[in-house]
Each structure stands twice: as C-alpha cells, then as structure tokens.
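Okay, here's what each chain looks like letter by letter:
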Amino acid sequence: MTSIQLLLSLLGLALCCGAAASDRIRVVATTSDLRSLVEEVGKEQVEAINLAPPTRDVEAYEPRPQDAQKLRDAKLVVRIGLDYDLWFNRLLVDASPDLRRGGRGYVDASIGVPLLEIRAVSFDATPGHSHGAGNPHYWLDPANAEVITGGIMEGLIRVDPDRARTYESNRNAFLARLKPKIEEWRRKLERYAGAPVIACHNSWPYLARRFRLNIIDSIEPKPGIAPSPSHLAGLIRKMQEQRVAIIIKQPFEPGQTPKMLAERAGARVVSLAPSVGSVPGIDDYLALIEYDVSLLATAFEARRGGKP
Amino acid sequence: MSDAVQFLTVAFLVAIVLTGIHAYLGIHVLSRNVVFVDLALAQISALGATVAFMLGHLPQSAAAYGYALAFTLAGAVLLSLSRHWSGRITQEAVIGVIYVVSAAAAFLLIDKAPQGAEHVKQLLVGSILTATIDDLIRLAALYAVIAAFHWLFRKRFLLLTLDPARAQAQGLNVSGWDFLFYASFGVVVTSSVAIAGVLLVFSFLIIPAAIGMIYSDRIARKLYIGWAAGVLASAAGLGASYAWDLPTGATMVCAFGVMLALAGLARPLVTARGEERRRAMRRARHLLINGILISSALSGAWLALNPRADQPLLDALEAVQPAIRDYFLSPIERDIYASAANVESKIRGESSRIGQLERESRWQGSELTDDEVRRLASYVQSFQEMQKGEQFVQREIRNRARERQRWAIGVPLLLISLGLLLVTLK
C-alpha cells in the first residue's frame, strides 16, 4: 500500500517538475559567453547551458555522448560560427530540423557582427555561396554584444513568440547597463591607447579595436605550430625597440615561450580571461570584460609606475 | 641576432647533453627490441604528475615530482616483469598497452580538472628553444649521475641487454637489474621530454644509436659514431630552423631522419672495399637511373591519361622554366595568362593593404565605425573572389597547354622511358 502511494507521489512530482521545466525555453549555446548573453535576454524564461567548458580551447572540444541528449530537449541553439565551433555541426546532423542551419531554432551569433580579418575560405561547407570566415573572437568586443543579443532575441521570439515583449525589454535593460560600462572601460584604458602589446595567438583583434590596443605581433602566428628561432629573435628585438610592456595569453595556452620572452625583454605576462568562467569568479559577460579591462589597466599602470 | 645566437647556443648544448645519454640508452633499447619504451615511460610519468595535480599539488612542486617518480618506478616494475610474461605476446605489445592506457587515463583525469590542466600537458610538449641555462645545468648534473651508475655496472647492463640467457645462467638477478635499467631510463626520459618534447626525444634515442649500429658491432665504436651523428644532426637541424624560419623541434626531427637515410645509403660505399665497392657503386647507379626512368614513364602515362589533373613533374619543370608551358600556347593565350597573373598579384596587394589599414586604425588615428569595418570586410571578400577568378583563368589556360602537351610530351615521354627501361633492365 505504502509503496503504491510512494510511487504515485513520485509520479506527481515528476509531472509537476516536467511542467515547470517545459515552461522554460531550453537553450543550448556552444560557449559560456553565448550562454551568459542568452541568460541576459531570456532571464528566468530560459534554461541555458553551454557545451564546451570555458577552461579549455573551445576549438579543440570533442562533443560528449550526453551533448546529443542535451540537444534533444533544446528549443534553440546559439553558436559562435566562423569555424570556431565546427564540432557543433556533427551534433546538429542528428538534431531536429528546427535546430539545424536555417531552422527556426538556429542562431549563428556572428551574423551582423562587423568582422575583422576576413578570409574567403571556410571549412564549414555551407550550401550555396561561401560567405567565408573572419577572426571568430568577436564576443571580446563588448560593443558587439548588441548585435549578438539582437540575434539571440530574434531567435527566442521565433521559438516563443508569446513572450516577445519580455525578451525585448530584457535586452534593452541589458544594453542600458552595457553602454555606460563600455564608456567607463574605454576611459580606463584610453591613456594606454597605442601601447604596444604581444599576444600568444591572434585571439584579441576585437578587444584591441574597442580599447585601442596595438597588438604588434603574435608568438605563434599559426596556433599549435611552435615559433621558429628567427621569429622569436625578431619578437625580442621588436619588444626591446618598442618597449613592449605586456604579453597577453589565454589561461590554457602554454606558458614557457611567453615567460622566456618576458624575461628577456623586460615585459610581464598577463593571463586574460577569454571567456565567462575561464577564471574563477567571472560569472557573466559584463564581469568578463570588467576583469580583462582592469587586468590590462593594472599591468600598464605597473609598467608606467616602474619607469623612472 | 645576438638573442637568436644565445638561445640557439643553449639549445645546442642541451642537444649535446641529450645525445650523450640517449645514444647510449638507444643502443640498449634497440638491442632489447623495445623501441617505444620511452613513450610508455614518459606517458606514465605524466600520468603521475596529473594525479598529483588532481590531488591539489601545484605543478613543479616537490609532491608533483614525487608522484611522477613513483609512477615511473611502477612503470619500471611492470616493464621488468613483462620480460617473463612475454611468452606468447611480444614485450613491445605490453609496452604499447602501457602507453595508450596511461595516455588515455591522463586524458580522462585532465577532463575532470577545473583549471590549469595545461601545465600537465606541457610535460610532454617541451620545446628545446625555451630551455634555459639552469635547465641545462640541472639536466647535465642528473645525467652525469645516471651515466656514472651505468658505467659502474656496465658489464651487467650490457650482458643483460645483449645476452639475457647467459645472464640468467650466470645467476644474475634478471628482474632486479631490468628494474634498475628501466627506472634509470624512466628518470632520464621524463626529464628529457619535459625539455625537448616527445618527438625529439624519440629521435635522440633511436636515430644516433641506429646509425652507430649500422656501422659497427663494437659497443664503444657504436657510441662514438652515434654521438657524432647526433651532434651533427642537431647542429644541422638548429641551423636549418634558424635559416629557413621553421619550428625547431620538427626541423631537428627531420634532420635526424635525413641523417639516418644518408647513413643507410652511404653504408655500402663506406664499408665495402675493392671489387665489392665497385659493384655497390654500379648497383647504386642502376637504381638511380631506373628510378628516374620509372618516374618519367609514370608522369608521361599520367599526362596522356588525364592532362587536366595535377602533374607534379611538369609543375616543377614549368616553375623553373615557364617556356615549356608558353611554347604550347597561342600569343593571345599567353597574354591572357600573363595579365591574369598580374591582376591577381595586384588584387592580393590591395586586399593586404586594406587589412593593414584596418589593423592600424584599431589603435591610431580616428576609429573606423562598424559600418566602415563591414564595408572593408566586403571589399576584401570581393577581392578574394576576384582573385579566385583570376586563378581559375590561369588554371584553365594551363590546362589547354596540358591538353596539347598530352600528345607532344606525355606519349613520347612514356614511350622513350619504357624503351630505355627495357635497355637498362637487360
């Protein structure tokens, strides 16, 4: 008797939970940054997750069996595009047609973003004319969040038209917080406009454009291929000539070469956060940019203070 | 320049130290037929460091080294026992299993690590260019101790490697000495790999020893030859990597490979005497001529069969001597080809100029608006499309020439090469 009661109550519990969960729109984003922006637009109406963990190289992520399961329950997918999350294509092959390219629930967040470093060749086989690809790190320019959240909002409205007003006002509230922040960040770094910087990889052109950083070269022009001795010697010479103060890297990038260069040329290595959650304590998109800007400001300031 | 010389010098000294100990260990490894043992031991030690990391120890802390060492010793125990297990399966198979399982286990552990797992990855992807003088001194001291240990007990280590049956008959504790061998070997490989990376350490271990063994049966002479070859290949690799702006580790590995190929090819000429030597020379000449004839016959046949496909031999010849292609084109076609090439290079210049403009505007002068950036991006895209168009024109013209070369070059080349082959093979 008691066991049947227990079973019934469990069933009731499952039903009521199911109802609560189905009420919220399930969104699968490829990266934590997109997840954070989806949460800004959807607030409590959405339940967003990201597939690739932010602590490692997203481009090298290998999908897990459970990722396909996560897609099965999703109403909307949001991706970076531009060949950055190519692995996502494999998952979409088995997903519902709504979630595939051109479907109602598919958002390529790069659409409409002013892209830098365009190249015509893309590895992503799109039907018809290839639109090429640019540098994919566009979320690191906070001004691009306006375009990205625009795409996300349109996607949410397509799959959940009843709450269009809510999504619009959520996005407007986010932009109202973002815009004064951008001005504040730019003021914080404007003194250092044009200061020369070296990067490990070419991951920061959008950040550089917004905050007027002069990234003069990268340590590994082609990611994963070790730099040659002449390239390293050239870097050291450039760093000494132009008095380069900092080398920026992502936390997961190997540190030996930046460390050697910094020691030889009197610079310091700054490990910037490329994504929400890549460093503990960075829980949302605004905190991400805040963290990077203040780290850069501190590093430039230390150099200025250090000079006689 | 002086910076490059400085870190190339340190890298070269590190390479000499590595050659010194690895050429010796390589002779053991090759004689024991356990070529991949270094990969297995390096991987198992990295697994130890990963475990330490997961337990909350900082990379490069004493605890991390302790774990790595403990795992290496455990690996040495497994390897020394594997000699007895390998009745039906070879020891190499056991080594391979140790390698893949410890690599996969480390991978699974890293997958669960929150942050900083890249330090563990660095254990296996050292880069010889970033080695410092401190690294060099530490390495030299450690290897000197291990080399002294092996020198002291050289008779036992060599007997065990070269004639294990006799070692057993003499009452030597085979498993115990095997353990000491693998343990010291593991310590060496683990520190080498952290400095120079897996690929390069494998080359240091196998290639100088192999060259020594090609040329001599005596242990001392094998060593001298191996050392000389290793130092020479390292110098060539470092020099090439500087001169041609190439990644250092990969260039050195290829230099070692070329060295082995040259040593193998030259062996009959160096070791043979008199009549035997003349015969070897004749065989080499035959091989070379037949090789050239066979490849030209194949090229001719391929050109005749499919003139529009890639033709490696003709491409190479035309790159050196464009007249070969121009001869088969009408004056108008030649003009079209030249202007397409010209326009293509102009477009390339223009789109890189736009890129440069955009890059500079990020930090100096007035900022570009988003719409200006979009417009530049669409220019670049159109330019790249135009560039593809010009490339298409050039390829099309080249293909027309190829269709004419099909009968004028392809078929005669095939027939002449086959005819000459018949003559030489007789």
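Figured I'd write up the structure that's included with this text.

Parameters and conventions
- Residues numbered from 1 in each chain as written.
- Chains lettered and ligands numbered in written order.
- Predicted model: local features only at pLDDT ≥ 70, side-chain atom pairs only at ≥ 80, totals over all residues.
- Heavy atoms only, no water.
- Helix = DSSP H or I, 4+ residues; strand = E, 2+ residues; numbered from the N terminus.
- Rg over C-alpha atoms; globule rule 2.2 N^0.38 Å.
- Buried < 20%, exposed > 50% of the residue type's maximum accessible area, 1.4 Å probe, protein only.
- Areas by Shrake-Rupley, 256 points an atom, 1.4 Å probe, with all protein chains shown as cover.
- Lys, Arg positive; Asp, Glu negative; His and termini not counted.
- Charge placed at Lys NZ, Arg CZ, Asp CG, Glu CD.
- Pairing = 2+ DSSP bridges.
- Axes fitted to C-alpha atoms, helices over the stretch in contact; angles between N-to-C directions.
- Contact = heavy atoms within 4.5 Å.
- Buried area = accessible area lost by both parts, 1.4 Å probe.
- Salt bridge = Lys/Arg side-chain N within 4 Å of Asp/Glu carboxyl O.
- Phe/Tyr/Trp six-rings, centres within 6.5 Å; stacked < 30°, edge-to-face > 60°.
- Lys NZ or Arg CZ within 6 Å of the ring centre and 35° of its normal.
- Patch = residues over 30% accessible without salt bridge, like charges linked within 9 Å, V, L, I, M, F, W, Y side chains within 5 Å.

Notes on the overall build of chain B
Within chain B, the secondary structure is distributed over 17 helices and zero strands. Rg of the C-alpha trace for chain B: 29 Å, well past the compact-globule value of 22 Å for 426 residues, more than 25% over. Residues counted as buried form 41% of the 426 residues belonging to chain B. Total accessible area on chain B stands at roughly 22,500 Å², and carbon and sulfur atoms take up 67% of it. Within chain B, one finds 39 positive and 31 negative side-chain charges whose respective centroids are separated by 15 Å.

Section: the sheet that holds strand β8 (residues 268-271) of chain A
Residues and elements named next belong to chain A. The four strands are arranged β6-β5-β7-β8 in an open sheet whose pairing can be described as parallel. Each edge of the open sheet is held by one strand with a lone partner, namely β6 (214-218) and β8. Recorded for the sheet is a direction-independent mean angle of 35 degrees between the axes of neighbouring strands. As paired elements, strand β7 (residues 246-249) and β8 share four bridges and run parallel to each other.

Focus: the interface of chain A and chain B
If you look at the interface, chain A gives 50 residues, while chain B gives 43 residues. Across the chain A/chain B interface, buried area totals approximately 3,600 Å², and carbon plus sulfur atoms make up 49% of it. It is A:R209, A:R212 and A:P229 that lose the most area in chain A upon contact with chain B, and together they represent 18% of the buried surface on that side. Here chain A is connected to chain B by five salt bridges. The shortest N-O distance in the salt bridge between A:R210 and B:D370 comes to 3.8 Å.

Here's the deal with the sheet that holds strand β3 (residues 76-79) of chain A
All names here are of chain A. With respect to topology, four strands assemble into an open sheet ordered β2-β1-β3-β4, the strand pairing being parallel. With one partner strand each, in any of the chains shown, β2 (46-50) and β4 (106-108) form the two edges of the open sheet. Pairwise comparison of adjacent strand axes, ignoring direction, gives a mean angle of 20 degrees for this sheet. Taken together, the five bridges between strand β1 (residues 25-29) and β2 define a ladder with parallel strand orientation. The partner of R26 across the bridge, within β2, is E47.

Here's the deal with the packing of aromatic side chains
Residue and element names in this part refer to chain B. Counting across every chain of the model gives 17 aromatic pairs over all chains. With centroids separated by 5.2 Å and ring planes inclined at 55 degrees, the aromatic side chains of F153 and W177 adopt a geometry described as tilted. Placement of the pair is F153 in the loop between α6 (133-152) and α7 (154-162) and W177 in helix α9 (residues 174-196), with a sequence separation of 24 residues. For F153, a relative accessible area of 26% corresponds to the partly exposed category. The ring of Y182 has R32 sitting right over it, with the charged end atom 5.4 Å from the ring centre. In this structure, R154 is placed above the aromatic ring of W151, and the distance from its NZ or CZ to the ring centre is 3.9 Å.

Observations concerning a positive patch on the surface
A surface patch of positive charge is lined by B:R279, B:R282, B:R283 and B:R285. Residue position: B:R285 is located in helix α13 (residues 274-305).

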